Amino acid sequence: MIITMILIFVFGYLCIALEHKLRIDKAAIALLMCGALWTVLSLLGNDAQIGTQLIEQLGDTSEILFFLIGAMTIVELIDRHGGFHVITDHIKTRNKRKLLWLLSIITFFMSAVLDNMTTTIIMIMLLRRMISGQKERWIFASVIVIAANSGGAFSPIGDVTTIMLWMRGNVTSGLLVAKLFLPALVSVIIPTAIACRYIPDENAHPEKLDTAPKLPPFVGPRFSHFVLVLGVGGLLFVPIFKAVTGLPPYLGMLISLGVLWVFTELVYDHKQNMEESIKNRVSKVLKHIDMPTILFFLGILMSVAALQSAGLLTDFADFLDKNVHEVYTIAGITGLLSAVIDNVPLVAACMGMYPVVDTAALASSLDPVYMQAFVQDGIFWHLLTFCAGVGGSLLIIGSAAGVVAMGLEKIEFGWYLRKITLLALAGYFAGMLVIFLEHLLLG
């Protein structure tokens, strides 16, 4: 049974990695892999409680999926009402090097609140207004990818992997931001500083491109600004809601979505003379949510859950403990792998291999110093959060942000590998060094 499950998982992963060559959506492959793994576990396993395990794992996975659906809907609603143009229209500088720094910093902080994929789309749309040369746009877009991934790494709602770790209780929002903000910022500053050498110190002469969204007739700057504030406020409300109530974050996200939904419904109900087709109601926006991505996460997370239920992840964790036994190396390797393998299943696998250690388990451990790294907000979880997020920047296909940039700007894999990978790697190791120094000096 074990060998069969490993072969299914490896074959499924190869098909996901070769998605563009096979021309089969990775969501379909992930769903088939999930079904096959649980079927094998049910038919060949000896556990009579397999049905109960399936329901428990599906419940944990569904919390993440509902959170993502709510967040994606809010972001799409803001964009449909021109909210993001309130930010982008205030960028006045045209000096290319200053613009590179400005876009990098804006992307870094924006992706801490929004997801890195959405942030990348917004910033590349803005970039097209400012830089006309394709190869120069590639450099800008690559830095945007790095900044988006790094910005998502220090925020509990900035990336799918940080959402997973936060929602499962491996990290808390306050300490996550406090411990990873500086390492994440360093991982952006170093690549951006090096990339400036590729950009001439001159003003940009952009082409006139019409990238503005089609807005309902009554939507002006004031209304767009209000929707932006309401939407971002709703996203920021989620960690506060969890801290105050102790309830799961997805519930706070659904409350925020409900508030925006009621607000937009009331607004459109007062516009009775407007055609229904041009009203950006939530019911309309929901049809444009990236459901293949949601189904991919469902398939891949439930596939990893099957491996966990079979005991494979625990066995692999025991192997690493005996042969590596060093959290910086384990997390560092995981980050490097995330440049090739999607970081969602990697983090899910690590969460399955290393449960959060409680006080009783720590007290009874034969190696309490090592096990201390796996308590809630332990150094391993902060390292894993950073490495899995930032490591995805090492290759253009290593993250959702990179894949989006590759599609929008037609960035070549080989060009990114030659020009950008070493920049991203320098930021990656510099960030890990900052984490090490923080842990050494501050504990």
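Residues numbered from 1 in each chain as written. Predicted model: local features only at pLDDT ≥ 70, side-chain atom pairs only at ≥ 80, totals over all residues. Heavy atoms only, no water.

Peer 1: Help me understand the overall build of the protein chain, please; the structure alone is not making it clear to me.
Peer 2: Counting secondary structure elements, the protein chain contains 23 helices and zero strands. A compact globule built from 443 residues would reach a C-alpha radius of gyration of about 22 Å, and the protein chain, at 22 Å, matches this within 12%. With the C-alpha coordinates of the protein chain rotated into their principal frame, the extents come out at 65 × 55 × 45 Å. Taking as baseline every contact in the protein chain between residues at least 6 positions apart, the subset at least 24 positions apart corresponds to 78%. Accessible surface, the protein chain as shown: approximately 19,900 Å² in total, 66% of it carbon and sulfur. With 29 positive and 32 negative side-chain charges, the protein chain shows a spacing of 13 Å between the two charge centroids. (Helix = DSSP H or I, 4+ residues; strand = E, 2+ residues; numbered from the N terminus. Rg over C-alpha atoms; globule rule 2.2 N^0.38 Å. Contact = heavy atoms within 4.5 Å. Areas by Shrake-Rupley, 256 points an atom, 1.4 Å probe, with all protein chains shown as cover. Lys, Arg positive; Asp, Glu negative; His and termini not counted. Charge placed at Lys NZ, Arg CZ, Asp CG, Glu CD.)

Peer 1: Could you clarify how one ought to interpret the packing of helix α7 (residues 116–130) against helix α8 (residues 134–153) in this entry?
Peer 2: Running from amino to carboxyl end, α7 crosses α8 at an angle of 155°, the nearest separation of the two axes being 10 Å. As the angle between them shows, α7 and α8 are arranged roughly antiparallel. With respect to the hand of their crossing, α7 and α8 are arranged in right-handed fashion. Taking contact as the criterion, the partners of N116, T120, M123, I124, L127 and R128 in α7 are, on α8, R137, F140, A141, I144, V145, A148 and N149. Within the contact of α7 with α8, the residues separate by chemical class into eight nonpolar, three polar and two charged. (Axes fitted to C-alpha atoms, helices over the stretch in contact; angles between N-to-C directions. Parallel < 35°, antiparallel > 145°, perpendicular 65-115°, else oblique. Left-handed = near helix turned anticlockwise from the far one by under 90°. Nonpolar A, V, L, I, M, F, W, Y, C, P; charged D, E, K, R; others polar.)

Peer 1: Please clarify how the packing of aromatic side chains should be interpreted in this entry.
Peer 2: Two numbers describe a pair of aromatic rings. These are the distance of the centres and the angle of the planes. What the rule picks out here adds up to 19 aromatic pairs. For the ring pair Y328 and F436, a centre distance of 5.6 Å and an interplane angle of 75° mean the geometry is edge-to-face. Note that Y328 is positioned in helix α16 (residues 327–337) and F436 in helix α23 (residues 421–442), a separation of 108 residues in sequence. Under the relative-accessibility criterion, Y328 is labelled buried at 16%. A relative accessible area of 38% places F436 in the partly exposed class. Judged by centre distance (5.4 Å) and plane angle (70°), the rings of Y428 and F429 are edge-to-face. Among the residues examined, F429 registers a relative accessible area of 45% and is labelled partly exposed. Directly above the aromatic system of F296 lies the positively charged group of K26, at a separation of 4.6 Å from the ring centroid. When the ring centre of Y198 is taken as reference, the NZ or CZ atom of K419 above it lies at 5.5 Å. (Phe/Tyr/Trp six-rings, centres within 6.5 Å; stacked < 30°, edge-to-face > 60°. Buried < 20%, exposed > 50% of the residue type's maximum accessible area, 1.4 Å probe, protein only. Lys NZ or Arg CZ within 6 Å of the ring centre and 35° of its normal.)

Peer 1: How should helix α9 (residues 160–167) be read in this particular structure?
Peer 2: Within α9, eight of the eight residues are buried, which leaves it mostly tucked inside the rest of the structure. Those residues of α9 lying buried are V160, T161, T162, I163, M164, L165, W166 and M167. Looking one or two residues past α9, G169 carries a phi angle of roughly 85°, positive in sign.

Peer 1: So what exactly am I meant to see when it comes to the confidence of the model for the protein chain here?
Peer 2: Reading fine detail from the predicted coordinates is not recommended where pLDDT is low. Per-residue confidence for the protein chain gives a mean pLDDT of 83; residues scoring 70 or more make up 93%. Mean pLDDT across the secondary structure elements of the protein chain bottoms out at helix α5 (residues 85–88), with 71, and peaks at helix α10 (residues 173–195), with 94. Within the model, the stretch residues 207–212 combines pLDDT values under 50 with ten contacts to residues more than four positions away or in other chains. (pLDDT = per-residue confidence, 0-100.)

Peer 1: Hey, could you run me through the layout of surface pockets in this one?
Peer 2: One way to see where empty space is left: roll a probe the size of a water molecule over the atoms. Size it by volume and the second largest pocket reaches roughly 310 Å³. Considering the residues around the second largest pocket, the lining is formed by 17 residues, among which Q372, A373, G378, I379 and H439 are closest to the centre. Contributing elements (two or more residues each) for the lining of the second largest pocket: α10, α16, α19 (368–371), α20 (379–390) and α23. When the residues that make up the lining of the second largest pocket are grouped by side-chain class, the tally is nine nonpolar, five polar and three charged. (1 Å grid on protein atoms, 1.4 Å probe; cavity = no way out; pocket = protein on both sides within 12 Å on 5 of 7 lines; lining within 4 Å. Points joined across faces, edges and corners; volume = space filled by probe spheres on them.)

Peer 1: I'm lost on a nonpolar patch on the surface in this one. Help?
Peer 2: On the surface, a nonpolar cluster with roughly 620 Å² of combined accessible area is contributed by M1, I2, I6, V10, L14, L43 and L44. Counting residues per element, the ones that place at least two in the nonpolar patch are α1 (2–17) and α3 (26–44). Top contributing element to the nonpolar patch by residue count: α1, with four residues. By secondary structure assignment, the location of L14 is in helix α1. You can call L14 partly exposed: its relative accessible area is 49%. (Patch = residues over 30% accessible without salt bridge, like charges linked within 9 Å, V, L, I, M, F, W, Y side chains within 5 Å. Salt bridge = Lys/Arg side-chain N within 4 Å of Asp/Glu carboxyl O.)

Peer 1: What is the right way to read the pattern of salt bridges from this model?
Peer 2: Should their charged atoms come close, side chains of opposite charge can pair. Counted by the stated rule, this structure contains four salt bridges. Residues E76 and R80 are paired through a salt bridge, measuring 3.2 Å at the closest nitrogen-oxygen approach. With E76 and R80 both in helix α4 (residues 50–80), this residue pair falls four residues apart, about one helical turn. Take E76: its relative accessible area is 21%, and that puts it in the partly exposed class. In this structure, the salt-bridge partner of E409 is R137, at a minimum N-O distance of 2.9 Å. One end of the pair, E409, is in helix α21 (residues 400–409); the other, R137, is in helix α8, and 272 residues separate them in sequence. Across the pair, R137 and E409 agree in class, each one buried.

Peer 1: Please clarify how the environment of Q53 should be interpreted in this entry.
Peer 2: Here Q53 lies in helix α4. Of the residues examined, Q53 reaches a relative accessible area of 18% and is grouped as buried. For the pair Q53 and D159, spaced 106 residues apart in the sequence, the C-alpha separation amounts to 27 Å. Excluding residues that lie within four positions of it along the chain, Q53 makes contacts with W38, D47 and S309.

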